[in-house]
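For reference, the chains in residue letters:
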Amino acid sequence: MNRIVEKFAALKRAGKKGFIVYIGAGDPNLEATRDLALAFDRAGVHILELGVPFSDPLADGLVNQLAAQRGLASGTTPPKVLAAVIAIRKQSQIPIVLYIYFNLIHKAGLEKFIAAATHAGVDGLLVLDLPPEEADNYESLMKKSGLCHVYLVAPTTPEARMEKIVKRGSGFIYYISREGVTGMQSSVASNLASQVARIRACTGLPVAVGFGISNPEQARAVAQNADAVVVGSAVVNQIAEHGKSLELVAKVGAFVKSLADAVKAI
């Protein structure tokens, strides 16, 4: 069974909520990415999202844009990200989703990239700029490979379109809790419960909520309504702050554990 599907099934049986962390691959370098992934697994992260560095990350705010720049500056490429996944797999079975823009997949070749990702031990792809209406071949290849194709739903997604999106997704649905790009926020969206309920009415897939969750209190609040909490920019910001420190993994790992503990408390 796919690791993402297996993980959510185990969480449901235990009556627990999931905790997903996003970081930019290769920020500050791929060795650190591997070490952080292993630390996150020990800290209680259920799923890891690795952002594949891209020159035009349109869905991302400044924090994650800068992470992509640092990833590119460290020489990180899609094949090197897959090599890092192989290195992680030698010590961890944490489910891994690649957060990626379609141009990188298109350039490599759709079938070739999906096969390479499968071989490396990737469990799913979240392609930011590939609408379901243009994803028939992509979805078919992903299903054949046993990978989850994760789709996004936004607060502005019309009801009819949302229904189509969630019926085509697999693994989980990623609900963007706020309009706009990624980035830390000072509060949780007030309509979160109703929006998650709207999605759940159309799918049996778990609903993960992200974009803007910055601290343990917000993570705990979101976990009360969602099946999983996604934290990205707040963790990436910690990497930016401690990226040149020998204590990078320890400091970021401790921050992530505080978030994981908050989610587990629900």
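These notes cover the structure that comes with them. (Residues numbered from 1 in each chain as written. Predicted model: local features only at pLDDT ≥ 70, side-chain atom pairs only at ≥ 80, totals over all residues. Heavy atoms only, no water.)

1. Observations concerning the sheet that holds strand S9 (residues 228–231)
At step 1: Spatial strand order, S5-S4-S3-S2-S1-S9-S8-S7-S6: 9 strands in an open sheet with parallel pairing. Edge positions in the sheet fall to strand S5 (148–149) and strand S6 (151–153), since each of these pairs with one other strand and no more.
At step 2: Strand direction decides the pairing type here: strand S7 (residues 173–176) and strand S8 (residues 207–210), joined by 4 bridges, are parallel. By the bridge assignment, Ile 176 is partnered in S8 with Gly 210.
At step 3: Packed onto the sheet, helix H2 (residues 30–43) meets strand S1 (18–24) and strand S2 (47–51) and runs at close to 170° relative to S1. (Pairing = 2+ DSSP bridges. Helix = DSSP H or I, 4+ residues; strand = E, 2+ residues; numbered from the N terminus. Contact = heavy atoms within 4.5 Å. Axes fitted to C-alpha atoms, helices over the stretch in contact; angles between N-to-C directions.)

2. Section: the environment of Val 252
At step 1: Topologically, Val 252 is positioned in helix H12 (residues 248–264).
At step 2: Sequence separation between Val 252 and Pro 95 is 157 residues; the distance between their C-alpha atoms is 19 Å.
At step 3: With residues near it in sequence (within four places) discarded, Val 252 still touches Leu 36, Phe 40, Val 235, Gln 238 and Ile 239.

3. So, the packing of aromatic side chains
At step 1: Evaluated as defined, the whole model comprises 4 aromatic pairs.
At step 2: A centroid spacing of 5.2 Å and a plane angle of 25° characterise the contact between Phe 54 and Tyr 101, whose relative ring orientation is stacked. One end of the pair, Phe 54, is in the loop between S2 and helix H3 (62–73); the other, Tyr 101, is in the loop between strand S3 (96–100) and helix H5 (102–108), with 47 residues separating them in the sequence.
At step 3: Overall, Tyr 101 belongs to the buried group, its relative accessible area being 4%.
At step 4: Plain terms: the ring middles of Tyr 174 and Phe 211 are 5.9 Å apart, the flat faces sit at 85° to each other, and that makes the pair edge-to-face. With Tyr 174 in strand S7 and Phe 211 in the loop between S8 and helix H10 (216–223), the pair connects residues that are 37 residues apart, well separated along the chain. (Phe/Tyr/Trp six-rings, centres within 6.5 Å; stacked < 30°, edge-to-face > 60°. Buried < 20%, exposed > 50% of the residue type's maximum accessible area, 1.4 Å probe, protein only.)

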